[in-house]
There are 2 protein chains.
Amino acid sequence: MAVYTDVSDEALRAFLSQYDLGAPLSFKGIAEGVENSNFLLRTDTGNYILTLYEKRVNEAELPFFINLMGHLARAGLACPQPVRNRAGTALGRLCGRPAAIVTFLDGVSLSRPNAGHCRALGAALAGLHAAGRDFPMRRDNNLSVGAWRPLFVQAEAQADTVAPGLAERTRADLDVLEASWPVGLPSGVIHADLFTDNVFFIGDTLSGLIDFYFACTDAFAYDLAISLNAWCFDPDGTFHRDKAGAMIAGYDAVRRLEPAEVAALPILARGAAMRFMLTRLVDWLNVPAGALVQPKNPLEYDRRLAFHRAAKDARDYGWVG
Amino acid sequence: MAVYTDVSDEALRAFLSQYDLGAPLSFKGIAEGVENSNFLLRTDTGNYILTLYEKRVNEAELPFFINLMGHLARAGLACPQPVRNRAGTALGRLCGRPAAIVTFLDGVSLSRPNAGHCRALGAALAGLHAAGRDFPMRRDNNLSVGAWRPLFVQAEAQADTVAPGLAERTRADLDVLEASWPVGLPSGVIHADLFTDNVFFIGDTLSGLIDFYFACTDAFAYDLAISLNAWCFDPDGTFHRDKAGAMIAGYDAVRRLEPAEVAALPILARGAAMRFMLTRLVDWLNVPAGALVQPKNPLEYDRRLAFHRAAKDARDYGWVG
């Protein structure tokens, strides 16, 4: 939630001179995205988002994200569309950093989605998976099951300072997840970070999906499991079966879930909760003194893990197929 | 440069229900303003800025700022116009804080204004002073000459750790400023913070002035002296006489400077530099360890003070009247 790089009006004008977007009418840094600097740009021709990719982003991966957004937008998904400059490329350089301009999406993020919103999200997620089917590039999920033990090792010694017993139950969960993580499920491009702040609504209508910078190639049902975690629990761990059931039904109505995917939902949901618990735990333990940005609480996902540990099958998530 | 308060879509909707602005189409925190949380709001009816006034703002002073913007906008100045809700008031509450919606102004801030931009700024500043003439409210300048010695006392013991000799030359300057600070100059509403980031241009045309939260009642020529400091020096202290001469001429063409104002320009410019050197020095010495926001360097204004100390009269600032 920050702007890391100042862009002068002169640098902006020089950058825009490579595009057919017209003259800048307005240019404001926005508090969106944790890793990059984002600016809302208005020109004669419309509204855009200009992104500068900062140090933590692997530049070699940018063509995957940029090309994916272009591919999904052309396939009809409501997502930001990268704008090409006159040389035909959508990835340029500004202030010494890789930079791209994408179209602006209207819509507002919901803080407390209801079951109807969750159904719409499920349908949009299935639409994203369908639209990405013929995307030719591949990016491994570097935050999947193989990455969790190394993440935990960084936090293990201090884990119990965050919650008593956290280290022991995380070790036990990792043993289960590593032993039984499903393979061979239908796979392709997944968003992998479809939290509520990355989904826009106008009124009750879903208007778009943003922030594809965790997108990768993995099991479709794992993407659904991530959003079940993100959308269907309160911060205190309370699970909303009606929301989860609506999200799964919304997904299944657009892309039929296979029996193996349904059967894998509990372990996938448990793994998704583990992934976010661990990255939050590492951030939580490494926050610099005096930092202005409060890291997200890993215990929200520790509480979700307790639910997933007890779940028997997909019916516990509201599946009625 | 931050958003301090999260506003949920529900809180936003409840707040907007008091206005006739239509439904929210987009809502994004923007990195503008040091003291408040600012959001770019798009609705069916247009673009707006929603501001939440955070703790450091004195709530009792808000009606002065809000009413002033309304007054100046009605008088034809290109500045944000506060939007009234259906109860007829422009100051409401959101997330437990005072909040206001103002109209959005197009334009981009310049990082390196030229003499033509400075001339336009001078004319706009004189237009602001003229538009504020019949504004009935009054707010004393709490960062004028009487406030400088108490500010310095907070920083005096550590001043020489920032630059050798800074304490001694600041003490000597304060003696001169306190002994010879002009009184009885033409006065009224001044902006008091018209730096380049508070002035928008579209192409080379000045399109608007923003951020009236330092506005107060003081000598008009002091406002000009603040902008001379902000616009006509490089960070290394290099003075651009052509820019200063253009700014003064642009001002004088709209509102004729009186001989007493012209005579006072060097001492006013020296005082304006002292005011910003001191507030920056106090912030510089009080930055929390690990803070993400780098405070502005007080030495940029220490270098300007050296120029002002040597200036003999307004001709040294490019005045040719």
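Criteria and cut-off values
Residues numbered from 1 in each chain as written. Chains lettered and ligands numbered in written order. Predicted model: local features only at pLDDT ≥ 70, side-chain atom pairs only at ≥ 80, totals over all residues. Heavy atoms only, no water. Core = buried A, V, L, I, M, F, W, Y, C linked by side-chain atoms within 4.5 Å. Buried < 20%, exposed > 50% of the residue type's maximum accessible area, 1.4 Å probe, protein only. Contact = heavy atoms within 4.5 Å. Domains from an automatic or database assignment. Buried area = accessible area lost by both parts, 1.4 Å probe. Salt bridge = Lys/Arg side-chain N within 4 Å of Asp/Glu carboxyl O. Polar contact = N/O pair within 3.5 Å; in protein donor to acceptor, adjacent residues only side chain to side chain. Helix = DSSP H or I, 4+ residues; strand = E, 2+ residues; numbered from the N terminus. Expected span 1.5 Å × (residues − 1). Arc of directions from axis to C-beta. Axes fitted to C-alpha atoms, helices over the stretch in contact; angles between N-to-C directions. Left-handed = near helix turned anticlockwise from the far one by under 90°. Nonpolar A, V, L, I, M, F, W, Y, C, P; charged D, E, K, R; others polar.

**Q** Is there a simple way to explain the nonpolar core in this structure?
**A** Generally speaking, nonpolar side chains in soluble globular proteins are found buried as a group. Judged by nonpolar contacts, the single largest core of 188 residues is most densely connected at F212 of chain A together with F212 of chain B. Those residues within four positions of F212 of chain A in sequence are excluded, and the remaining contacts are F65, L68, M69, L72, L77, C79, P80, L128 and H191 of chain A.

**Q** Teacher, can you tell me more about the domain arrangement of chain A here?
**A** Interfaces are frequently sized by the accessible area removed from exposure as the parts join. Residues and elements named next belong to chain A. The domain boundaries assigned to chain A delineate domain 1 (9-103) and domain 2 (115-317). Domain 1 and domain 2 are separated by 28 Å when their C-alpha centres are compared. Domain 1 puts 17 residues into the contact, and the matching count from domain 2 is 21 residues. For the pair domain 1 and domain 2, the summed buried surface comes to about 1700 Å²; carbon and sulfur atoms form 74% of the total. When the area that domain 1 buries against domain 2 is broken down by residue, the three leading residues are F64, F65 and H71, summing to 34%. Applying the counting criterion to the domain 1 and domain 2 interface returns 1 salt bridge. A salt bridge links E61 to R139; the shortest N-O distance between them is 3.0 Å. The interface formed by domain 1 and domain 2 contains 5 residue pairs in polar contact (both at pLDDT 80 or more).

**Q** For this particular structure, what's the right way to read the side chain of S26 of chain B?
**A** If you trace the backbone, S26 of chain B turns up in strand 1 (residues 24-30). Aside from chain neighbours lying at most four places away, what touches S26 of chain B is F104, D106, G107 and V108 of chain A together with L40, L41 and R42 of chain B.

**Q** Explain helix 6 (residues 166-180) of chain B here, please?
**A** A turn of α-helix holds 3.6 residues, and therefore any two residues three or four places apart point the same way. Residues and elements named next belong to chain B. Between its terminal C-alpha atoms helix 6 stretches 21 Å, which fits the 21 Å expected from 15 residues at 1.5 Å a residue. Turning to helix 6, its buried residues number three or more, namely L166, A167, T170, D173, L174 and L177. Take helix 6 and look down its axis: the buried residues cluster within an arc of 125 degrees, on one side only. Exposed residues on helix 6 whose side chains face more than 90 degrees from its buried face are E168 and A179. Contacts made by the buried residues of helix 6 are with helix 4 (145-155), helix 5 (159-162), helix 9 (259-285) and helix 10 (299-310).

**Q** Help me understand the packing of helix 3 (residues 115-131) of chain B against helix 8 (residues 241-254) of chain B, please; the structure alone is not making it clear to me.
**A** Between two packed helices, the angle of one axis relative to the other and the distance separating the axes together describe the packing. Residues and elements named next belong to chain B. Where helix 3 meets helix 8, the axes come as close as 7 Å, and the angle between the chain directions of the two elements is 35 degrees. Relative to helix 8, helix 3 is oriented so that their crossing is right-handed. Facing helix 3, whose interface residues are A115, C118, R119, L121, G122, A123, L125, A126, G127 and H129, helix 8 presents D242, K243, A246, M247, A249, G250, Y251 and V254. Its residues placed into classes, the contact of helix 3 with helix 8 shows 11 nonpolar, 4 polar and 3 charged.

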